[in-house]
Amino acid sequence: FSSMNVSRRTWLSSSAAVAAAAVLAPGTSGITQGAVLADPIVRPGLPLLKLSLAGYSFNSLFVKRGTPEEIEKAEMSLEKFIDYCAAQNLGATELTGYYFPKDITSEYLLSLREQTHRLGLSISATAIGNDFCIAEGDARQSQLAECRAWIDYAAIMGAPAIRIFAGKVPKDDTEDAAIDRCAAGINECLKYAATKGVFLALENHGGITATPEQMFRIIEK
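To keep things clear, this report deals only with the structure shown in the data block. The structure displayed is predicted, hence computed values, not measured ones.

Section: the packing of helix α6 (residues 138-157) against helix α7 (residues 175-196)
For any two helices packed against each other, one specifies the crossing angle of their axes together with the interaxial distance.
Reasoning step 1: Packing of α6 against α7 brings their axes to within 10 Å, and their N-to-C directions diverge by 30 degrees. On the basis of their axis angle, the class for α6 and α7 is roughly parallel. Like other packed secondary-structure pairs, α6 and α7 cross with a definite hand, here right-handed. In this structure, α6 uses R140, L144, C147, R148, I151, D152 and A155 to contact α7, whose residues at the interface are R181, A184, G185, E188, C189, Y192, A193 and K196.
Reasoning step 2: Considering only residue class, the contact of α6 with α7 consists of 8 nonpolar, 1 polar and 6 charged.

Considerations on the state of the cysteines
Reasoning step 1: Taken as a whole, this structure holds 0 disulfides when the rule is applied.
Reasoning step 2: You can see C182 has no disulfide; the closest cysteine sulfur is in C133, sitting 5.0 Å from it.

A closer look at the sheet that holds strand β4 (residues 161-164)
Reasoning step 1: Taken in spatial order, the 5 strands make up an open sheet running β1-β2-β3-β4-β5, and their pairing is parallel. Each end of this open sheet is capped by a strand with a single partner; those strands are β1 (52-54) and β5 (199-202). Adjacent strand axes in the sheet meet at a mean angle of 25 degrees, parallel and antiparallel pairs treated alike.
Reasoning step 2: Here β1 runs beside strand β2 (residues 92-96); their pairing, made up of 3 bridges, is parallel. Paired with S52 across the strands is A92, a residue of β2.
Reasoning step 3: Relative to β2, helix α4 (residues 78-87) is tilted by about 160 degrees, and along the sheet it contacts β1 and β2.

Scoring rules and cut-offs
- Residues numbered from 1 in each chain as written.
- Predicted model: local features only at pLDDT ≥ 70, side-chain atom pairs only at ≥ 80, totals over all residues.
- Heavy atoms only, no water.
- Axes fitted to C-alpha atoms, helices over the stretch in contact; angles between N-to-C directions.
- Helix = DSSP H or I, 4+ residues; strand = E, 2+ residues; numbered from the N terminus.
- Parallel < 35°, antiparallel > 145°, perpendicular 65-115°, else oblique.
- Left-handed = near helix turned anticlockwise from the far one by under 90°.
- Contact = heavy atoms within 4.5 Å.
- Nonpolar A, V, L, I, M, F, W, Y, C, P; charged D, E, K, R; others polar.
- Disulfide = S-S within 2.5 Å.
- Pairing = 2+ DSSP bridges.

Spelled out as structure tokens, the structure:
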């Protein structure tokens, strides 16, 4: 951008204006037009863009929730992935939850925190595969408990955020009901996340988060 005398902030602002124009085009719903998001971050100094890589990029090479022996034999492990991110001169690494050992200990989480710090990397986030659209019952409570557990893990590792899913509409249910349950689950987990200083970042990943309008409906709630 320097050769064009355009800063990243200017370019992103212009892109945001184009996106906003598309969202607010005639025919869009009042929900989309009325939703309010957080203001852009204003920081002193020049714009700063740091790149991070998600562990899911190597999904087929990882063992999912394996034993230490299985992880050691795998082509990719979180430790190897962290080394790879450092070799690419990235600023951060995202440690996707699927690839952690079956039994997660504080000692293991702290070892990852130490490794990334020594290599000059930040842990940008972790990520879980939750479903908050599930109806009330033991299965839903298990999903909420897992999210709270990963909030604890993120806090121990020094990861500022967890990338979460919304979920999918259960069979013979309605999208409206699923969105209500999803928002309720996020709000419940946010109360706990706030006590640990961890952000929850909702991923737009199909289903009830496939469109901007659906995302705004969840954000509104």
